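Descriptive analysis of the structure
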Amino acid sequence: LKKKLAIKLNNSELCNSIIKDSDKDSCLFEFSRENNDLALCLRTPSNFNEGCYFYIAVKNNNSEMCDLIENSNRKSWCFQKIAFNTRNLELCKYANTTATNSNMAYQIDSCMKDVRIGLIIDDAVRTGNLSLCNGLPSSFDCHEKVRKNR
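Let me begin by describing the structure that accompanies this report. Computed from a predicted structure; not experimentally measured. (Residues numbered from 1 in each chain as written. Predicted model: local features only at pLDDT ≥ 70, side-chain atom pairs only at ≥ 80, totals over all residues. Heavy atoms only, no water.)

As a further point, take the state of the cysteines. Scanning all chains against the criterion turns up 5 disulfides. The residue that forms a disulfide with cysteine 41 is cysteine 52, at a sulfur-sulfur distance of 1.7 Å. What sets the handedness of the cysteine 41 and cysteine 52 disulfide is the S-S torsion sign, and at about -70° it is left-handed. Of this pair, cysteine 41 sits in helix 4 (residues 38-43) while cysteine 52 sits in helix 5 (residues 46-60), placing them 11 residues apart in sequence. Residue class for cysteine 41 comes out buried when judged on its relative accessible area of 0%. A sulfur-sulfur separation of 2.0 Å characterises the disulfide bridge that pairs cysteine 133 with cysteine 142. (Disulfide = S-S within 2.5 Å. Helix = DSSP H or I, 4+ residues; strand = E, 2+ residues; numbered from the N terminus. Buried < 20%, exposed > 50% of the residue type's maximum accessible area, 1.4 Å probe, protein only.)

Structural data, given as C-alpha cells:
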C-alpha cells in the first residue's frame with residue numbers, strides 16, 4: 001500500500017518508512033523507474049540497481065547508462081534495445097559483451113538485423129507502402145502500423 005501511495009504522491013520518503021527491507025527496496029526501485037530518477041537508482045541495493053539502470057537507459061534511449069550495468073548479458077541487451085529504438089546500427093557493436101566469439105558475432109548480427117527491420121518498418125509507415133512489409137518476420141506488425149498511420 002505504501003509503495004503505491006509513494007508513487008501516486010511522488011514521495012520517495014514514503015518508501016523509506018516501510019519497515020521490511022525487501023519491500024522498502026522494491027518500493028525505491030519502482031519509484032525510481034516510474035520517476036526516471038537515476039539518483040534514486042544509485043541508492044537502491046545492488047540486486048535492484050542494474051535493473052533500474054537498464055529500465056531508465058532504455059526508456060530514455062541513453063546508451064551511456066548501459067555502461068553502468070555490470071551483468072554482461074543485461075548490458076548487451078541494453079545496447080541492443082536502444083539500437084533498435086533509435087535505429088542506430090553503430091550501437092550494435094556494443095552488443096558483444098558475452099564470453100564466446102560465436103555468441104558475440106550472433107548478438108551483433110541479430111542486433112543489426114533487428115535495426116534494419118525497424119528501418120524498413122519505418123519506411124513502410126512513412127510512405128504508406130504495405131509491400132515493404134512483405135517477407136519481414138514481423139510483417140503482421142508492420143502491416144498494422146502502416147494501416148494505423150494512414
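Bringing the side chain of histidine 143 into the picture now. On the secondary structure map, histidine 143 appears in helix 8 (residues 139-149). With relative accessibility at 16%, the residue histidine 143 sits in the buried group. At 3.4 Å, the side chain of histidine 143 forms a polar contact with the side chain of asparagine 134. For histidine 143, the residues in contact, after removing those within four places along its chain, are Leu130, Cys133 and Asn134. (Polar contact = N/O pair within 3.5 Å; in protein donor to acceptor, adjacent residues only side chain to side chain. Contact = heavy atoms within 4.5 Å.)

The next thing to look at is unusual backbone geometry. Residues other than glycine seldom take positive phi values, yet asparagine 61 does so here, at roughly 50°. Take asparagine 61: it is sitting in the loop between helix 5 and helix 6 (72-86). The exposure class assigned to asparagine 61 is partly exposed, which follows from its relative accessible area of 32%.

Moving on, we get to a nonpolar patch on the surface. The grouping of Leu38, Leu42 and Leu68 at the surface amounts to a nonpolar patch, some 240 Å² of accessible area in total. Considering the arrangement of structural elements, one finds leucine 38 in helix 4. (Patch = residues over 30% accessible without salt bridge, like charges linked within 9 Å, V, L, I, M, F, W, Y side chains within 5 Å. Areas by Shrake-Rupley, 256 points an atom, 1.4 Å probe, with all protein chains shown as cover. Salt bridge = Lys/Arg side-chain N within 4 Å of Asp/Glu carboxyl O.)

Tallied over the full model, the rule gives 1 aromatic pair. Its guanidinium or amino end placed over the ring of tyrosine 55, arginine 33 lies 4.0 Å from that ring's centre, counting from NZ or CZ. Taking the ring centre of phenylalanine 84 as reference, the NZ or CZ of arginine 87 above it sits at 4.4 Å. (Phe/Tyr/Trp six-rings, centres within 6.5 Å; stacked < 30°, edge-to-face > 60°. Lys NZ or Arg CZ within 6 Å of the ring centre and 35° of its normal.)

The subject of this paragraph is the pattern of salt bridges. Summed over all chains, the structure comprises 4 salt bridges. For the salt bridge of glutamate 90 with lysine 93, the shortest nitrogen-to-oxygen distance reads 3.2 Å. Judged by relative accessible area, glutamate 90 falls into the exposed class, the value being 51%. The salt bridge involving arginine 126 is made with aspartate 123; its shortest N-O contact spans 2.6 Å. Placement of both arginine 126 and aspartate 123 in helix 7 (residues 101-127) is noted, with a separation of 3 residues, approximately one turn of the helix. Since its relative accessible area comes to 33%, aspartate 123 is described here as partly exposed.

The biggest cluster of nonpolar side chains holds 21 residues, and the ones touching the most others in it are Ala57, Cys66, Cys78, Ile82, Ala83 and Cys111. For this core, the secondary-structure elements that each account for two or more residues are helix 5, helix 6 and helix 7. Looking at this core, the element that brings in the most residues is helix 5, giving 7 residues. The contact partners of isoleucine 82, leaving out residues within four places of it in the chain, are Ala57, Val58, Asn61, Asn62, Ser63, Cys66, Arg87 and Leu91. (Core = buried A, V, L, I, M, F, W, Y, C linked by side-chain atoms within 4.5 Å.)

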